Amino acid sequence: MTSSSTLDLPQVSSGAQKRLDLLQDVAALLGTDDPFDFSRFGFIFFEQHVASWHGVFEAQEKEEESAVMLERRKENLVRKAKEYHEELKTILKSMPEAPHITVTRLQEQEKKNKAKEQELRAKRVKIKAFKGLPPVSRHIL
């Protein structure tokens, strides 16, 4: 070995070299200087794991906040719906009842009214004729 900052390693197989390269890439991604400091890897993995769970907890907290907001909106809508329902009841109580008449009954009544009108006309004609008679004739009739 040399006194330089880099290590002189003996020649290794290509498979081992690939693993070493992969280990160096992981070390670079994790932000550690020494790819052979496995204790540092464990700590970094732990930090990332905690950070990911922290993100999950924050997301759940936001969901809970939004769930609380939705629950409040639901309560407000239910309250408003109840108010509108009470208002509708009040309006319906103040309205007159619907007439109990059908179209058929209305047509029958119109026919009866026309018949009575004809009777009245006939009686008026008789009254007019009766008034036109001399008083002696009226007395006889």
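Treat the numbers as computed from the prediction; the structure is a model and nothing was measured.

Peer 1: When you look at the overall build of the protein chain in this model, what are you seeing that I'm missing?
Peer 2: If you tally the helices and strands in the protein chain, you get four helices and zero strands. Each helix (α) and strand (β) of the protein chain, taken in turn from the N terminus, gives the series α-α-α-α. Relative to its 141 residues, the protein chain shows a buried fraction of 4%. If you sum the accessible surface of the protein chain, you get close to 13400 Å²; carbon and sulfur atoms cover 60% of it.

Peer 1: Please explain a negative patch on the surface as it appears in this structure.
Peer 2: Negative charge collects at one region of the surface, where Glu58, Glu61, Glu63, Glu64 and Glu65 lie side by side. Turning to its location among the elements, glutamate 61 is positioned in helix α2 (residues 38–94).

Peer 1: Is there a simple way to think about the pattern of salt bridges in this case?
Peer 2: Think of it this way: side chains of opposite charge can pair up when their charged atoms draw near. If you walk through the whole model with that rule in mind, you get three salt bridges. For glutamate 83, the salt bridge is made with lysine 80, and the minimal N-O distance between the two is 3.7 Å. Taken together, the residues span about one helical turn, with glutamate 83 and lysine 80 both in helix α2 at a distance of three residues. The class for lysine 80 is partly exposed, based on a relative accessible area of 39%.

Peer 1: Help me understand a nonpolar patch on the surface, please; the structure alone is not making it clear to me.
Peer 2: Nonpolar side chains collect at one region of the surface, where Leu88, Ile91, Leu92 and Met95 lie side by side and expose about 380 Å² of accessible area between them. Counting through the fold element by element, leucine 88 comes out in helix α2. According to the relative accessible area criterion, leucine 88 is partly exposed, its value standing at 43%.

Peer 1: Quick question: what am I supposed to make of the confidence of the model for the protein chain here?
Peer 2: For the protein chain, per-residue confidence averages 76 on the pLDDT scale, and 71% of positions sit at 70 or higher. Mean pLDDT across the elements of the protein chain ranges from a minimum in helix α4 (residues 135–140), with 65, to a maximum in helix α3 (residues 103–131), with 90. The low-confidence segment residues 1–5, where pLDDT is below 50, has three contacts with residues more than four positions distant or belonging to other chains.

Basis of the calculations
Residues numbered from 1 in each chain as written. Predicted model: local features only at pLDDT ≥ 70, side-chain atom pairs only at ≥ 80, totals over all residues. Heavy atoms only, no water. Helix = DSSP H or I, 4+ residues; strand = E, 2+ residues; numbered from the N terminus. Buried < 20%, exposed > 50% of the residue type's maximum accessible area, 1.4 Å probe, protein only. Areas by Shrake-Rupley, 256 points an atom, 1.4 Å probe, with all protein chains shown as cover. Patch = residues over 30% accessible without salt bridge, like charges linked within 9 Å, V, L, I, M, F, W, Y side chains within 5 Å. Salt bridge = Lys/Arg side-chain N within 4 Å of Asp/Glu carboxyl O. Lys, Arg positive; Asp, Glu negative; His and termini not counted. Charge placed at Lys NZ, Arg CZ, Asp CG, Glu CD. pLDDT = per-residue confidence, 0-100. Contact = heavy atoms within 4.5 Å.

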